[in-house]
Amino acid sequence: MEFAMIGAGAMGLRYGILLQEAGNDVTFIDIWQPHIDKIREQGGVYVSRDHQDRHLVPIKLETPETYQGDPDMLIFFTKQMQLADFLKRCEHFFNDRQYAFTCMNGMGHIEKLQQYFADDKIIAGTALIATVLNGPGDVDFMGKRGAGKMNMANLTEKPDEMTHRLFDELQKAQMNPTLTTNFKGTLMTKVIFNSVINTLCTMFEIPMGELGNFEKAYDLGRQLIDEAYDICERAGITLVSTREEEMYALDINTRIDMPLHYPSMYQDMIHDRPTEVDYINGYIADLGREYHYEAKTHIFLTNLVHLAEYHRANE
Ligand code: NAD
């Protein structure tokens, strides 16, 4: 299959390089000039796994303006606040035949994709796959080959032939996909998971294990999860985990599966980039307002992360 990876950061590189290694034709499209320059200068991207086996992988790289291809599938891995700009700059190569797929964190991206793609061409999901961009042209696929897992669902909740082809390619690339027919519930369950782990670890600049091992971790998570689940119940969203399952997933992921990992939101904070908090805790708070529920803890946490961003900007 022919893919264009829109956004060649940590996750764009991970998905794209693994799909390329599984035999697909992949072109990466990016706009961060130091990254583009470095990749061209070194003839590819340096890839390691858990800081080991650093090796150069040649890739095809274009900017939105230079790309002239007609891929079957566009995979979007930008940060939420970058997506509108990428879409505008890439619009010239979009057509009705193409599918748009993404596993970005947070919510807000689907409405933006809908401005360019028909609902039956949009597939989205969630990725529990830790990846770190060490710097321009240098990425670390955390975990062993085949580590991590992901969910995917059609916006129409009706998988078609192309959905199954994408699923097969992701499986060959060892991304461990699960295909669901609960679009909003799948995405929101991950937003809620991230609203605890990403946000708290970012605010305190700590790895996930430190949160998981903190004696009050359960209480912190419980409060955020209860608010978010109350709101989803009011909004009629059927989440894919119960509250207890979500608490269990938080515990296992922080303490056992990824104790040394810093979430992607943390990577933004330490590089003085804006975080995705408005699309995670902020999104939950906005959804609450729509259903006359004041998500006090999520609002407070969103403001605290912005305070941390503000503090770093003024240091
Ligand atoms: P990323 O920041 O690595 O890359 C996104 C874009 O930002 C790319 O175009 C990249 O070139 C650019 N970029 C990276 N560093 C930059 C810098 N210092 N200055 C300017 N531009 C820069 O983002 P990502 O981690 O690939 O995340 C993409 C989406 O996937 C997000 O929604 C994220 O929350 C989600 N996600 C990430 C992970 C992870 O482990 N990284 C896991 C699951 C989901």
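Everything that follows concerns the structure shown earlier in this document.
Residues numbered from 1 in each chain as written. Predicted model: local features only at pLDDT ≥ 70, side-chain atom pairs only at ≥ 80, totals over all residues. Heavy atoms only, no water.

Engineer: Could you give me a rundown of the site of the ligand, with the residues and numbers involved?
Structural biologist: For the ligand, the set of nearby residues contains 22 residues, the closest of which are Ala10, Met11, Asp30, Arg273 and Glu276. Residue Gln82 places a side-chain N or O atom 3.1 Å away from an oxygen atom belonging to the ligand. One nitrogen or oxygen atom from the side chain of Asn105 is found 2.9 Å from an oxygen atom belonging to the ligand. In the complex, 89% of the free accessible area of the ligand, which totals 810 Å², lies under the protein chains. At the level of secondary structure, the elements contributing two or more residues to the shell around the ligand comprise helix 1 (10–21) and strand 9 (131–135). Grouping the constituent residues of the shell around the ligand by class yields ten nonpolar, eight polar and four charged. (Near = heavy atom within 4 Å. Polar contact = N/O pair within 3.5 Å; in protein donor to acceptor, adjacent residues only side chain to side chain. Areas by Shrake-Rupley, 256 points an atom, 1.4 Å probe, with all protein chains shown as cover. Helix = DSSP H or I, 4+ residues; strand = E, 2+ residues; numbered from the N terminus. Nonpolar A, V, L, I, M, F, W, Y, C, P; charged D, E, K, R; others polar.)

Engineer: Lay out the packing of helix 11 (residues 281–290) against helix 12 (residues 296–313) in plain terms, naming residues and giving numbers.
Structural biologist: Angle between the axes and distance between the axes: these two values describe a pair of packed helices. It is the contact of helix 11 with helix 12, at a shortest axis distance of 8 Å, that shows an interaxial angle of 140°. Crossing of helix 11 over helix 12 shows left-handed handedness. Two secondary-structure elements touch here, helix 11 through Asn281, Gly282, Ile284, Ala285 and Arg289 and helix 12 through His298, Ile299, Leu301 and Thr302. Considering only residue class, the contact of helix 11 with helix 12 consists of four nonpolar, four polar and one charged. (Axes fitted to C-alpha atoms, helices over the stretch in contact; angles between N-to-C directions. Left-handed = near helix turned anticlockwise from the far one by under 90°. Contact = heavy atoms within 4.5 Å.)

Engineer: So, the sheet that holds strand 10 (residues 138–141): which residues are in play, and what are the values?
Structural biologist: Taken together, four strands build an open sheet; the order of strands is 4-3-10-9 and the sheet is mixed. Each having just a single partner strand, strand 4 (52–57) and strand 9 make up the two edges of the open sheet. Across the sheet, the axes of successive neighbouring strands diverge by a mean angle of 25°, strand direction being ignored. Across four bridges, the pairing between strand 3 (residues 45–49) and strand 4 is antiparallel. Within strand 4, the residue paired with Arg49 across the bridge is Gln52. (Pairing = 2+ DSSP bridges.)

Engineer: So what about the side chain of Asn24? Which residues, and what values?
Structural biologist: With respect to the helices and strands, the residue Asn24 is situated in the loop between helix 1 and strand 2 (25–29). Its relative accessible area of 7% is what places Asn24 among the buried residues. At a separation of 3.0 Å, a polar atom in the side chain of Asn24 contacts the main-chain amide nitrogen of Met1. At 2.9 Å, the side chain of Asn24 forms a polar contact with the backbone oxygen of Leu19. When neighbours within four sequence positions are excluded, Asn24 is seen to be in contact with Met1, Phe3, Leu19 and Glu169. (Buried < 20%, exposed > 50% of the residue type's maximum accessible area, 1.4 Å probe, protein only.)

Note that every value here comes from positions in space, so none of it alone points to a role or purpose.
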